[in-house]
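Structural description and commentary
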Amino acid sequence: MDRIAITGGRPLEGEIPISGAKNSAIKLMAASLLTDAPLRLTNMPRLADTRFLGRLLERLGARVVELEGDQGAETILHTPEIVSALAPYDLVRQMRASFNVLGPLIARTGQAKVSLPGGCAIGARPVDLHLKALEALGATIDLHEGYVYAQAPRGLKGATIKFPFVSVGATEHTLLAAVLADGETVLENAACEPEITDLADCLIAMGAKVEGAGTPTIRVMGVAKLHGATHRVVPDRIETGAFACAAAIAGGEVTLTNTRADYIRALVDKMTAAGVEITETNDGLTIKRNGARLKGVDIETEPYPGFATDLQAPFMALMTLADGESVIRETIFENRFMHVPELTRLGADISVQGGEARVRGVAGLTGAQVMATDLRASISLVIAGLAAKGETVVNRVYHLDRGFERLEQKLSACGAQIRRIRGSEGGDED
Ligand code: EPZ
């Protein structure tokens, strides 16, 4: 298995182009199942997760073509016919978001058999809200042997669905199912993440009638059929935020391009309060720190536009070297501090009680072997490694490959000493 080695202590200088958002791209790919015409997605990130979902869609009947167009990487997805409405355990287990094919399959064919995703490293992550919403739209749902068997032979029917709490996945999944339902669907207490707006924009380009995406109330007037479209994937706000933390911890000056500062407003505010200089540009932001030590600031994760749970670990890495204490409260997932023991291996001083971590800034970190159990925790170790003295080796790089496109190239172009050690070069494995 590959590892990433970082020799810390070098400031970063230069420009990093941000890729299309992973968490949008995979829902947009699922949306392609809703039509028999081609959907062309531009600004596509090339990641393990998008490749993986492409393989599942091919099993369901899609033709998936990846190419380099005049606007960069694009993917054309075309499913003239659904040849199978089965998403097996092996595929859903490897990537939870595969579960999102359930809604489009029912909407298009009136039935589906999709494996339940199970828990994952950051929490139990049930899908009860997804299933209740599909039932409210008229699908019959039975659970046997780890599978969801869904039926709606006469099609889905619009309904009013009030989510008891905000869920990104359930909002997206309901939207995917409702666009072809008969009549009006109203989603109340919907998630407002930019990926939801992106999905709605793509569905609208495909002929759907959706209003209010990006607000807590989304209205969908079902249509009989969707058509093909071209849609540009929004910038990855989590990649943007992670590189902002990387630039701040390493020092120097980095401009992030092809992105939007307003997508990470809560992070920008906290970084500014900590002493990082951030300037918004036309297509992104510049992050600058001139050696002065940052101040510890507190954060609490919240649904968008609050502080993103996916940026909690990167921000914690930044706080390990700040002056004073930073209290970090995780409110979205129940087990999202798996990076703490690994940051501690690098010399960080952090204690955790329940959903709260107290980070007491230290004067310096020291490189070590580390590993993490999820994507965002893994990037926090890379960020810490950029400031640690000596070499940090991050194991289980497959997590990073799921969500960060050309990570080593992007950071080394700004002067970081970072390299991938291929599995065949030996050394410790996890
Ligand atoms: C999405 O997960 C993202 N994943 C996550 O990013 C992100 O952390 C999360 O949203 C929050 O922003 C993708 O988009 C693929 P939720 P999702 O439904 O949709 C509970 C990454 O690293 N819940 O908003 O699964 C759930 O357990 C990933 O890219 C239920 O109880 O998140 C959690 O506590 C990690 N029942 C809370 O709601 C349900 O039916 C919010 O989860 C659904 C969710």
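The structure under discussion appears in the preceding block.
My aim in this report is to walk through the structure given alongside it, one point at a time. These numbers come from a predicted model, not from an experiment.

So, the sheet that holds strand E12 (residues 209-211)
Taken together, four strands build an open sheet; the order of strands is E10-E11-E13-E12 and the sheet is mixed. At either end of the open sheet lies a strand with only one pairing partner, and these are strand E10 (160-162) and E12. Between one strand axis and the next, the sheet turns by 15° as a mean value, whatever way the strands run. As paired strands, E10 and strand E11 (residues 184-188) are joined by three bridges and run parallel to one another. Bridging across to E11, Thr160 finds its partner in Val186.

Comments concerning the site of the ligand
Taken together, 22 residues form the shell around the ligand, and within it Asp128, Ser167, Gly169, Asp310 and Ile332 come nearest. A distance of 2.6 Å separates an oxygen atom of the ligand from a polar atom in the side chain of Ser167. Taking 820 Å² as the accessible area of the ligand by itself, protein coverage stands at 85%. Those elements giving two or more residues to the shell around the ligand turn out to be helix H1 (22-31), helix H5 (128-136), helix H6 (168-178) and helix H12 (375-387).

Some points on the sheet that holds strand E24 (residues 417-421)
Spatial ordering of the open sheet is given by E22-E23-E1-E24, a layout of four strands whose pairing is mixed. Sheet topology places strand E22 (369-371) and E24 at the edges, where each strand pairs with a single neighbour. Neighbour to neighbour, the strand axes of the sheet diverge by 25° on average, direction disregarded. Sheet topology note: the strand E1 (residues 3-7)/strand E23 (residues 391-395) ladder contains four bridges and is antiparallel.

Describing unusual backbone geometry
A cis amide bond links Tyr304 to the next residue, Pro305, at an omega of 10°. Positive phi, close to 55°, is recorded for Asn43, a residue that is not glycine. You will see that Arg396, though not glycine, has its phi angle at about 60°, which is positive.

A few points about the side chain of His231
Here His231 shows up in strand E14 (residues 229-232). Look at His231 and you get buried, because its relative accessible area is 8%. With near-sequence residues (within four places) excluded, His231 lies in contact with Leu28, Arg40, Leu41, Thr42, Asp198, Asp201 and Cys202.

Remarks on the nonpolar core
Counting residues in hydrophobic clusters, the biggest one holds 74 residues, and the most contacted among them are Val101, Leu102 and Leu203. The element best represented in this core is H1, accounting for six residues. Sequence-distant contacts of Val101, that is, excluding residues within four places in its chain, are made with Leu33, Leu53, Leu56, Leu57, Leu60, Ala87 and Val114. Counting residues in each nonpolar core, the second largest holds 73 residues, with Ala247, Leu256, Ile287 and Ile383 among its members.

Rules used throughout
- Residues numbered from 1 in each chain as written.
- Predicted model: local features only at pLDDT ≥ 70, side-chain atom pairs only at ≥ 80, totals over all residues.
- Heavy atoms only, no water.
- Pairing = 2+ DSSP bridges.
- Helix = DSSP H or I, 4+ residues; strand = E, 2+ residues; numbered from the N terminus.
- Axes fitted to C-alpha atoms, helices over the stretch in contact; angles between N-to-C directions.
- Near = heavy atom within 4 Å.
- Polar contact = N/O pair within 3.5 Å; in protein donor to acceptor, adjacent residues only side chain to side chain.
- Areas by Shrake-Rupley, 256 points an atom, 1.4 Å probe, with all protein chains shown as cover.
- Buried < 20%, exposed > 50% of the residue type's maximum accessible area, 1.4 Å probe, protein only.
- Contact = heavy atoms within 4.5 Å.
- Core = buried A, V, L, I, M, F, W, Y, C linked by side-chain atoms within 4.5 Å.

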